[in-house]
Amino acid sequence: MVKEGLISFRGIKEGIYIHVRDGDFGRIKIELIEKLKKSIDFFRGANILGIRGGNLSTDQKQELFQIIEEEYELSVSRQGLPSYSQSGKYNGEPTRNMTKFIHNTIRSGQVIEHNGSIVIIGDVNPGALIRAMGNIVILGSLKGVAHAGIGGNEKAIIAAHDLQPTQLRIGNIIGRRPDGEIITSKLPEVAKVDNGEVLIEPYIQKNNR
Amino acid sequence: MGIAIVVTSGKGGVGKTTTAANIGTGLAILGNRVVVVDTDIGLRNLDVVMGLENRIVYDIVDIVEGACRLRQGLIRDKRYEGLFLLPAAQTKDKTALNPEQMFKLINQLKEEFDYVVVDSPAGIEQGFQNSIAGADEAYIVTTPEISAVRDADRVIGLLESKGLDNPKLIVNRIRQDMVERGDMMNVDDIVDILAVDLIGVIPDDEAVVISTNKGEPVITEEEPLSAKAFKNICNRIVGEDVELLDLQYDEGKFSKLIKLLFSR
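All residue numbers refer to positions counted from 1 along the written sequence of the respective chain. Starting at A for chains and at 1 for ligands, labels are handed out in the order in which the entities are written. It should be noted that, the model being predicted, local features are given only for residues of pLDDT at least 70 and side-chain atom pairs only at 80 or more, the latter also being counted only at that level, while totals for whole chains, interfaces and linings use all residues. Computation of side-chain values covers all heavy atoms of the structure but excludes hydrogens and water.

1. Some thoughts on the overall build of chain B
(1) Moving on: Starting at the N terminus, helices and strands are each numbered in turn, a helix being any DSSP run of H or I of at least four residues and a strand any DSSP run of E of at least two. Helix and strand content of chain B: 12 helices and 8 strands.
(2) Moving on: Only C-alpha atoms enter the radius of gyration, while the globule expectation follows 2.2 Å times N to the 0.38, with N the number of residues. For chain B, whose C-alpha radius of gyration is 18 Å, the value lies close to the compact-globule estimate of 18 Å for 264 residues.
(3) Moving on: With respect to the principal axes defined by its C-alpha atoms, chain B has extents near 70 × 40 × 35 Å.
(4) Moving on: A contact between two residues is defined here by any heavy atoms of the two lying within 4.5 Å. Long-range contacts, defined here as pairs at least 24 residues apart, represent 74% of the contacts in chain B between residues at least 6 apart.
(5) Moving on: Only the protein chains shown count as covering a residue, and every accessible area follows the Shrake-Rupley method with a 1.4 Å probe. Total accessible area computed for chain B in this model is approximately 11900 Å², and 47% of it derives from carbon and sulfur atoms.

As structure tokens, this is what we get:
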């Protein structure tokens, strides 16, 4: 695994904020000091909005603010980070508009999770798991397990070029592959919930092409 | 209170999963309540061999972590009543469980089932340690190859150090024609080296590959010699005295020809 720093400075429209990853507070402090030392000139005059992430307590945040303000003489505005829910861009809740694109074969044991929709450009092999709060679209064959609409959204859909899943889950409904031989339509298909059951149908009508 | 049997080998690819699936199914056919437990976390196969992969919602890690109840994690077999599968997790690794948790789980299962058949992963690391926790008996699977026998010997030693004395031996994939030509170790050689009780000999049989690919343990069939061998093992487990199969029973035309030539 690539080792990343615990601290990063991130710029948004309103100014700069400090993003902290989960980790040991001592190390967070050391990294913050190192970063500030290195690029103090860059930060001078910037509007530092606050700290986000890292599961820090108020006291710990206070300690970090103190370092920034007293040792490096930067000003922290303390008005806090703007809450995006007002701007309507994000609202903390997952948005179905956000889609994760993956260009790869998803193999057994791999899990792709996202709080929006997922598009896989490639195959999903048996034993792989795709979990999305929104829809799942697979531009390849789906032979593993796909769970769309996590959290109970039964309007979510799962579509694939070649839909032969081990199991499909939409919202809280589970459909499984029938035992024995199955007839495939050889057409791209879409799975949705209909009357409390997972229904699979082609999404391109043969004669419409 | 049931009996927990762990099927293990040390070496990979000798037929642990096939053996666990067949013994589990065979014991259920004999009218027992059986659960087969897959402890090969990250490389689960038992569900595929038993044709139950499409029914998995929860797995052994979910149960141990309390994400679901024991009942929810058990998958009822599609053919035999009284047969259940507890699948391994595929998206985690061996460290997701520890032997203490397994010990507790196996004992819980023993209260509900006559037999708890545990399929062990290859290797002797944590996955193996997990699989033998709570086991009352151990069945060692080996093939007539020097490497498999060496690993079986190592595993027997480890089991004895954990207090699992008198493991039973299953010799898998014997080819009688090769044994007779002197090209393959025979069962007696293997038993001599390992010095444990033999509970069964399974012939090398195409039917096993075919049935495995179909997701149906070979023991569900009547004809194959391997099915008979597995049935015999199950009968011995429940305490019957069954003689070892005569493996020459089903020999091919070729070996018959050879024999004819030699007998002259």
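Anyway, onward from the coordinates.
2. As for the confidence of the model for chain B
(1) Moving on: Across chain B, pLDDT averages 93, with 93% of residues at or above 70.
(2) Moving on: Reported confidences for the modelled complex are a pTM of 0.74 and an ipTM of 0.81. The pLDDT value tells you how sure the predictor is about a given residue, anywhere from 0 up to 100.

3. Describing the packing of aromatic side chains
Residues and elements named next belong to chain B.
(1) Moving on: In summary, the pairing rule links any two rings of Phe, Tyr or Trp, Trp by its six-membered ring, whose centres are within 6.5 Å, and it sorts them by plane angle into stacked for under 30 degrees, edge-to-face for over 60 and tilted for everything else. The tally for this structure, following the rule as stated, stands at 1 aromatic pair over all chains.
(2) Moving on: The interplanar angle of 65° and the centroid separation of 5.6 Å between the aromatic rings of F84 and F113 together place this pair among those described as edge-to-face. You can see F84 sitting in strand β4 (residues 83-86) and its partner F113 sitting in the loop between α5 (99-112) and β5 (115-119), a full 29 residues away along the chain. The two residues F84 and F113 agree in class, both being buried. Only protein chains enter the accessibility calculation, which uses a 1.4 Å probe. A residue is then buried if its area is under 20% of the maximum for its type, exposed if over 50%, and partly exposed in between.

4. Focus: the pattern of salt bridges
If charged atoms from side chains of opposite charge come close, those side chains can pair.
(1) Moving on: Note on definitions: salt bridges are taken to be side-chain nitrogens of Lys or Arg within 4 Å of carboxyl oxygens of Asp or Glu. The full count for this structure, using the stated rule, is 14 salt bridges over all chains.
(2) Moving on: Among the ionic pairs, E113(A) bridges to R131(A), the shortest N-O distance being 2.8 Å. Here E113(A) is found in strand β5 (residues 111-114), whereas its partner R131(A) is found in strand β7 (residues 129-132), with 18 residues between them in sequence.
(3) Moving on: A salt bridge links D179(A) to R55(B), with the shortest nitrogen-to-oxygen separation between them at 2.6 Å. With one member in each of two chains, D179(A) in the loop between β12 (173-176) and β13 (189-194) and R55(B) in the loop between α2 (46-49) and α3 (60-65) form a pair that bridges those chains.
(4) Moving on: The class of D179(A) is partly exposed, set by a relative accessible area of 32%.

5. Quick look at the packing of helix α1 (residues 25-38) of chain A against helix α3 (residues 58-71) of chain A
Residues and elements named next belong to chain A.
(1) Moving on: Look at α1 against α3: their axes get within 11 Å of each other, and the N-to-C directions meet at 20°. When the axes of α1 and α3 are compared, the pair comes out roughly parallel. For the crossing formed where α1 meets α3, the hand is right-handed. Contact residues: α1 offers F25, I28, K29, L32, I33 and L36, while α3 offers Q60, E63, L64, I67 and I68.
(2) Moving on: Its residues assigned to classes, the contact of α1 with α3 comprises 8 nonpolar, 1 polar and 2 charged. Convention adopted: a line fitted to C-alpha atoms gives each axis, helices being fitted over their contacting stretch, and angles between N-to-C directions are expressed from 0 to 180 degrees. Each angle receives one of four descriptions, namely roughly parallel if under 35 degrees, roughly antiparallel if over 145, roughly perpendicular if within 65 to 115, and oblique otherwise. Crossings are sorted by hand: turned counterclockwise from the far helix by less than a right angle, the near helix makes the crossing left-handed, and turned clockwise it makes it right-handed. Note on residue categories: nonpolar means Ala, Val, Leu, Ile, Met, Phe, Trp, Tyr, Cys or Pro, charged means Asp, Glu, Lys or Arg, and polar means any other residue, Gly included.

6. A closer look at α5(B)
Given 3.6 residues per turn, any residue in an α-helix points the same way as the ones three and four places further on.
Residues and elements named next belong to chain B.
(1) Moving on: Expected span of a helix: the number of residues minus one, times 1.5 Å. For α5, with 14 residues, the first-to-last C-alpha span of 20 Å sits near the 20 Å given by 1.5 Å per residue.
(2) Moving on: Residues of α5 that are buried include every one of M102, L105, I106, N107, L109 and K110, and no others.
(3) Moving on: Polar contacts, as used here, are pairs of N or O atoms within 3.5 Å; protein pairs need one atom able to donate a hydrogen and one able to accept it. Residues neighboring in sequence count only if both atoms are side-chain atoms. One side-chain oxygen of the residue at the start of α5 lies 3.1 Å from the amide nitrogen of E100, identifying that residue as N98.

7. Topic: the packing of helix α7 (residues 146-161) of chain B against helix α9 (residues 187-194) of chain B
Residue and element names in this part refer to chain B.
(1) Moving on: Two elements in contact, α7 and α9, have axes whose closest approach is 10 Å; the angle formed by their N-to-C orientations is 35°. Taken as a pair, α7 and α9 cross one another with a handedness that is right-handed. Residue-level inspection shows V149, A152, D153 and I156 of α7 in contact with α9, the latter providing I190, I193 and L194.

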